[in-house]
Amino acid sequence: MAEMRKLEKLANHLTYNFGLVWEGNSTNTCNGVLGEYTKYNNSHKVSLYLSTGLPVIIWKQAALADFVTKNNVGIAIESLDEIDDAIKNVGKQQYAQMKSNTDIIAKKMRSGFYIKSAIHKLIN
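Residues numbered from 1 in each chain as written. Predicted model: local features only at pLDDT ≥ 70, side-chain atom pairs only at ≥ 80, totals over all residues. Heavy atoms only, no water.

Asker: Quick one: what's the story with a nonpolar patch on the surface, residue by residue and with numbers?
Answerer: Taken together, Ile115, Ile119 and Ile123 make up a surface patch of nonpolar side chains, about 330 Å² in accessible area. Position of isoleucine 119 among the secondary structure elements: in helix H7 (residues 113–123). (Patch = residues over 30% accessible without salt bridge, like charges linked within 9 Å, V, L, I, M, F, W, Y side chains within 5 Å. Areas by Shrake-Rupley, 256 points an atom, 1.4 Å probe, with all protein chains shown as cover. Salt bridge = Lys/Arg side-chain N within 4 Å of Asp/Glu carboxyl O. Helix = DSSP H or I, 4+ residues; strand = E, 2+ residues; numbered from the N terminus.)

Structure (structure tokens):
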């Protein structure tokens, strides 16, 4: 019961919610096989978070970092050491816009928009 109260107190201090997409055992960079993998492939974590309407924090070198920043559905960082400042720099309006953009992307993902677009491009 005391643990539950602690969690409720903590939740009151969390202003924004983000899904973290980070691979490897370093806070400075995504490293190892999985870190390298994120440079070239689309992480299932990004799809999971975005399809549920959750903006993401992603490594700047990840293949999907440009998608995240161009669509304003999250934050791209170089190092985990940047998280606190990156989140502090997101205002309420900016987060609301990110969340709204994420909800739009989520609907597209759940309806198969992106896979249908890829198939259409492949055929043509």
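Asker: Pulling in residues and values, what's your account of the nonpolar core?
Answerer: Counting 25 residues, the largest nonpolar core has Phe18, Ile58, Ile75 and Ile77 as its most contacted members. Secondary structure elements with two or more residues in this core: helix H3 (44–51), strand E2 (56–59), helix H4 (65–70), strand E3 (74–77), helix H5 (83–88) and helix H6 (92–111). Top element by residues in this core is E2. It accounts for four residues. Once residues within four sequence positions are removed from consideration, isoleucine 58 is found in contact with Val21, Val46, Leu64, Ala65, Val68, Ile75, Ala76 and Ile77. (Core = buried A, V, L, I, M, F, W, Y, C linked by side-chain atoms within 4.5 Å. Buried < 20%, exposed > 50% of the residue type's maximum accessible area, 1.4 Å probe, protein only. Contact = heavy atoms within 4.5 Å.)

Asker: Which residues make up the pairing of E3, and what are the values?
Answerer: Side chains of E3 alternate between two faces, with Gly74 and Ala76 and Ile75 and Ile77 buried alike. Taken together, the four bridges between E2 and E3 define a ladder with parallel strand orientation. Bridged to isoleucine 58 within E3 is alanine 76. Note on the crossover from E2 through H4 to E3: the handedness is right-handed. (Pairing = 2+ DSSP bridges. Right-handed = clockwise from strand over helix to strand, strands pointing away.)

Asker: Outline the pattern of salt bridges, supporting the account with residue identities and numerical values.
Answerer: By the definition in use, this model includes two salt bridges. Between lysine 45 and glutamate 23 there is a salt bridge, with its nearest N and O atoms 3.1 Å apart. Separated by 22 residues along the polypeptide, lysine 45 in helix H3 and glutamate 23 in the loop between strand E1 (19–21) and helix H2 (32–40) bring together distant segments of the chain. Since its relative accessible area comes to 13%, glutamate 23 is described here as buried.

Asker: Describe the packing of H6 against H7, with residues and values.
Answerer: Where H6 meets H7, the closest approach of the two axes is 5 Å, and the angle between their N-to-C directions is 60°. Classified by the interaxial angle, the pair formed by H6 and H7 is oblique. Of the residues in H7, those in contact with Ile105, Lys108, Met109 and Ser111 of H6 are Phe113, Tyr114 and Lys116. Considering only residue class, the contact of H6 with H7 consists of four nonpolar, one polar and two charged. (Axes fitted to C-alpha atoms, helices over the stretch in contact; angles between N-to-C directions. Parallel < 35°, antiparallel > 145°, perpendicular 65-115°, else oblique. Nonpolar A, V, L, I, M, F, W, Y, C, P; charged D, E, K, R; others polar.)

Asker: Outline H3, listing residues and values.
Answerer: By the burial criterion, the buried members of H3 are Val46, Leu50 and Ser51. Down the axis of H3, the buried side of the element spans an arc of 115°, and every buried residue falls inside it. You can read the cap of H3 off the contacts: a side-chain oxygen lies 3.1 Å from the backbone nitrogen of lysine 45, and it is on serine 43. At the C-terminal side of H3, glycine 53 shows a positive phi close to 85°. (Arc of directions from axis to C-beta. Polar contact = N/O pair within 3.5 Å; in protein donor to acceptor, adjacent residues only side chain to side chain.)

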